[in-house]
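Residue-level listing of the chains:
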Amino acid sequence: MMAQFQEISKQSGVHPKPAGLVLQYGTAGFRTNAKQLDHIMFRMGLLATLRSKKTKATIGVMVTASHNPEEDNGVKLVDPMGEMVTPTWEGYATQLANAEQEDLLAALKVIIEKEAVNMSQEANVFVGKDTRSSSASLSQAVLDGVSALGGHSKDYGLVTTPQLHYMVCCQNTQGKYGEATVEGYYKKLCQAFIQLSKNASNCTDDQKHLSVDGANGIGALKVREMEGHLKKELHISLFNDGSKGKLNHLCGADFVKVQQKPPTGIKMNPGERCCSFDGDADRIVYYYADSEGRFHLLDGDKVATLISTFLKELLTQAGLDLEIAVVQTAYANGSSTNYLEDTMKVIVRCTKTGVKHLHHAAQEFDIGVYFEANGHGTVLFSKAAEEKIQQLAENSSTIDEKKRAALLLQNTINVINQTVGDAISDMLLIEAILAIKGMTIQQWDAIYSDLPNRQLKVKVSDRRVIDTTDAERRAVSPAGLQEAIDSLVKNYRQARSFVRPSGTEDVVRVYAEAETQESADSLAHEVSLVVYRLAGGVGGEPKPL
Ligand code: G16
């Protein structure tokens, strides 16, 4: 151990921490301007190695800032089954990240002792990165951290975040979940997609066409790589492929969802399906323009509704009694929650923002469909549910209709990346469902009508002054903020609003929905003003929209 610690001392000098800099492990890891992250990456290499020793399993480290602008970067830690790292280790991550240079070894020792890490245990860490120019040197810093602690690493280079999660899960299930290679990932997902597509009758070439906005990021590269495996069952026109535009700039899932408009650089023909990925391809939103040129967004809530409808129908056809639930966050459109609860009669749960929270809640059901409104989500099947489906599909005495449904469910399971929200996997699933159901994007959109809504950002000097409760739907501090929001909401029909500090950007997020767009806009603006005044706003009062 002494020799390892000497090595860490030496290596950490190459990745020094700027004195006084304090960063928190946020909604999805550390995220800030790339210039501040070199020491964080080195230290996360160290932490991942400890986590690997502790769990006796492979751990993942993804270098990405996802939807943030090009100049930012960040890191997401991946636990053995491909899920996000546990809250206790998020705490360690923050402690390690913020230890001053001379206290680093002591901070490491605290973790080793608390977790009783066996330092002679082998460690394996998978590392991936997105296309940001800073990602190459930052992922090298992660690799340096792993090797300083004597861990083994495998550098997957440029991959999407969900691909890295998938690799970690494949590795730790000894290949049961799939082969831990990018090729293996394409093969598994595309084979399942092609099987599903066989159940779509009379699908024309036009109906097989999809326009994809790659956000000028890693998702675009990976869609290109995958195309050959699709055997022409899906024709993709790729836009914002990174050849000229800037990452996430005026494009990508976050831009489209928040601005409620199409990305620049995409060609939209009336009525045709389009979708946008975000910067690390773990989110997807769909949209189309109608014959009058009006833009229609189908966000994560609409995706969750489509998928859960499809699954519920298949369960009925298969005669399987499995409990299905949809997990959302406070951002879920009120209409979607009403539709799911009142019309579809499925269980709906609301958690805090952040995939880790939704994922956890979804694990409590036989089938847990989780989606954030921003398009981040997937479906989880319990082991027992998978087994029941498999038995039915393989039992020779199963009658035809039931067998067909069970086989569809099996292929659905295989097209889904259950480790985390995955734009590529979600896209294939959505495309297959629409084809099987013979449904147009307009018909999908018409399942329910969104309440008009608006999201805004407010700059404050310290966003931690805002504390929330009830799955972030109510603010408990600063004093008077929630009361002010409540009295503003009362002035509008079908209105709702909440505020929360972002865990990925240095802003407070404001959400409002109401009966009309005008009302939603004006409520969002009024709430922004209250935040600005009560929570220490900076840079000038928010202007009306
Ligand atoms: C990350 C998280 C998401 C979250 C989003 C925004 O997404 O994985 O769960 O919704 O940040 O979080 P916040 O509102 O706290 O900034 P991504 O795609 O940026 O990694």
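What counts, and at which threshold
Residues numbered from 1 in each chain as written. Predicted model: local features only at pLDDT ≥ 70, side-chain atom pairs only at ≥ 80, totals over all residues. Helix = DSSP H or I, 4+ residues; strand = E, 2+ residues; numbered from the N terminus. Buried ≥ 20, exposed ≤ 12 C-beta atoms within 10 Å, placed from the backbone. Domains from an automatic or database assignment. Core = buried A, V, L, I, M, F, W, Y, C linked by C-beta atoms within 7 Å. Near = placed C-beta within 6 Å. Nonpolar A, V, L, I, M, F, W, Y, C, P; charged D, E, K, R; others polar. Pairing = 2+ DSSP bridges. Axes fitted to C-alpha atoms, helices over the stretch in contact; angles between N-to-C directions. Contact = placed C-beta atoms within 7 Å.

Draft legend 1. The arrangement of unusual backbone geometry in detail. A cis geometry characterises the amide bond from Ser-477 onward to Pro-478, with omega recorded as 0°. As for its position among the elements, Pro-478 is in the loop between strand S17 (474–477) and helix H17 (481–489). With a phi angle near 45°, Ala-116 is a residue other than glycine that sits in the positive phi range. Take Ala-116: it is sitting in the loop between helix H4 (104–114) and strand S4 (124–129). You can call Ala-116 exposed: it has 7 C-beta atoms within 10 Å. The phi dihedral of Ala-471 falls on the positive side, at around 50°, and the residue is not glycine.

Draft legend 2. Representation of the domain arrangement of the protein chain in the model. Examined at the domain level, the protein chain breaks down into domain 1 (2–158), domain 2 (184–297), domain 3 (300–427) and domain 4 (453–534). The C-alpha centroid of domain 4 is placed 32 Å from the C-alpha centroid of domain 2.

Draft legend 3. Representation of the nonpolar core. Core analysis: the biggest nonpolar cluster contains 131 residues, and Met-41, Met-44 and Ile-307 have the highest contact counts within it. No other element matches the 11 residues that helix H15 (residues 423–437) contributes to this core. If you look at the next biggest cluster of nonpolar residues, it comprises 30 residues, including Ala-332, Val-510, Tyr-511 and Val-527.

Draft legend 4. Summary view of the site of the ligand. Around the ligand sit 18 residues in total, of which Thr-27, Ser-66, Ser-502, Gly-503 and Thr-504 are the nearest. Within the shell around the ligand, the residues separate by chemical class into 2 nonpolar, 10 polar and 6 charged.

Draft legend 5. Up close: the sheet that holds strand S19 (residues 508–513). Here we have 3 strands laid out as an open sheet, ordered S15-S19-S18, and antiparallel in their pairing. Of all strands in the sheet, those bounded by a partner on one side alone are strand S15 (453–458) and strand S18 (496–501). If you compare each strand with its neighbour and ignore which way they point, the axes differ by 15° on average. Note that S18 and S19 share 6 bridges and pair antiparallel. When the bridges of S19 are listed, Arg-496 appears paired with Glu-513.

Draft legend 6. The arrangement of the sheet that holds strand S10 (residues 295–298) in detail. With respect to topology, 5 strands assemble into an open sheet ordered S7-S6-S8-S9-S10, the strand pairing being mixed. Looking at the sheet topology across the chains shown, the edges are occupied by strand S7 (235–239) and S10. For this sheet the average axis-to-axis angle between neighbouring strands, irrespective of direction, equals 30°. Against the sheet, helix H8 (residues 218–226) engages strand S6 (209–213), S7 and strand S8 (274–277), with an angle of about 150° to S7. The sheet contacts of H15 involve S6, S8 and strand S9 (284–289), and relative to S9 the element is tilted by about 50°.

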